[in-house]
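Each chain is listed here by its residues.
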Amino acid sequence: DGVPIEGPGPDRAVVFQQASLFPWLNVFDNVTLGVKCRGVPRETYTARAMHLLGEVGLSGFEQHYPYQLSGGMQQRVQIARALIGEPSILLMDEPFGALDYQTRLLMQKLLLRVGEKDGPSWVLKVDNKRHPIYARTRQHSTKWAVAEAEERRREVLRNGAPGSDKSVAEALARIKLAVDNSGK
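Everything quoted here is computed from the prediction, not taken from an experiment.

Some details on the packing of aromatic side chains
And step 1. Counted under the stated rule, the structure contains 3 aromatic pairs.
And step 2. Measuring from ring centre to ring centre gives 5.3 Å for Phe22 and Trp24, while their planes differ by 55°; the resulting arrangement is tilted.
And step 3. Residues Phe28 and Tyr45 carry aromatic rings whose centres are separated by 6.5 Å and whose planes lie at 40° to one another, so their mutual orientation is tilted. With a gap of 17 residues between them, Phe28 in helix H1 (residues 27-37) and Tyr45 in helix H2 (residues 42-55) connect regions that are remote in the sequence. For the pair Phe28 and Tyr45, a shared accessibility class is recorded, and that class is buried.

Right, here's the structure in full:
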């Protein structure tokens, strides 16, 4: 929207590589902390929180604390916390790294469903090219292309490539195109 970002805001959310949950808060309170702090009434966010916890496979764990959850479950709490505020952009750093293959696919499907309903745009940073494969093969999405282009850029910078100057230029052009198109 052309407005410079000068600090945190409710229009964007981050999912970190390692779960960053508050150990003294239970799952429900971790998910809802941001909307509570923004003054959203409890009756407004409770149903959405319960729905999101169901979407990430954590119904019944609302009163559990982070130490009672596996690493993958903690990561899913973090994904629900990021989605509850309905941000316009979701920044994710290796969000599926702690998840097993089946859960990773479920979370990718969730993000695609959310994105199809005028949900957030997202930038997904992955080191393993296989993580976004499901989404790229099921739906052509520039959101996932950004992650692929970034991985290709790193690969070229790490290893070089035949015709290196040309390959780097092409990789950077693909990244720019993917980023430019991600807002459409």
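There is more to say, and it comes next.
Examining the pairing of strand E2 (residues 89-93)
And step 1. Only one face of E2 is buried: it carries Leu90 and Met92, and the other face, with Ile89, Leu91 and Asp93, is open.
And step 2. For strand E1 (residues 12-15) and E2, the ladder comprises 4 bridges, and the chain directions are parallel. In the strand pairing of E2, Val15 is matched with Met92.

Structural notes on the side chain of Arg76
And step 1. Within the fold, Arg76 resides in helix H3 (residues 71-84).
And step 2. Residues contacting Arg76, with those up to four places away along its chain left out, are Val56, Gly57, Leu58, Leu99, Thr103 and Met107.

Things to note about the pattern of salt bridges
And step 1. Enumeration over the complete set of coordinates arrives at 3 salt bridges.
And step 2. Asp29 is the partner of Lys36 in a salt bridge, and the nearest nitrogen-oxygen pair spans 2.8 Å.
And step 3. Among the residues examined, Asp29 registers a relative accessible area of 22% and is labelled partly exposed.
And step 4. In this structure, the salt-bridge partner of Arg48 is Glu86, at a minimum N-O distance of 3.6 Å. On the criterion of sequence distance, the pair formed by Arg48 in helix H2 and Glu86 in the loop between H3 and E2 is long-range, its members being 38 residues apart.
And step 5. Assessed through its relative accessible area of 26%, Arg48 is described here as partly exposed.
And step 6. We classify Glu86 as exposed; its relative accessible area is 57%.

The rules behind each value
- Residues numbered from 1 in each chain as written.
- Predicted model: local features only at pLDDT ≥ 70, side-chain atom pairs only at ≥ 80, totals over all residues.
- Heavy atoms only, no water.
- Phe/Tyr/Trp six-rings, centres within 6.5 Å; stacked < 30°, edge-to-face > 60°.
- Helix = DSSP H or I, 4+ residues; strand = E, 2+ residues; numbered from the N terminus.
- Buried < 20%, exposed > 50% of the residue type's maximum accessible area, 1.4 Å probe, protein only.
- Pairing = 2+ DSSP bridges.
- Contact = heavy atoms within 4.5 Å.
- Salt bridge = Lys/Arg side-chain N within 4 Å of Asp/Glu carboxyl O.

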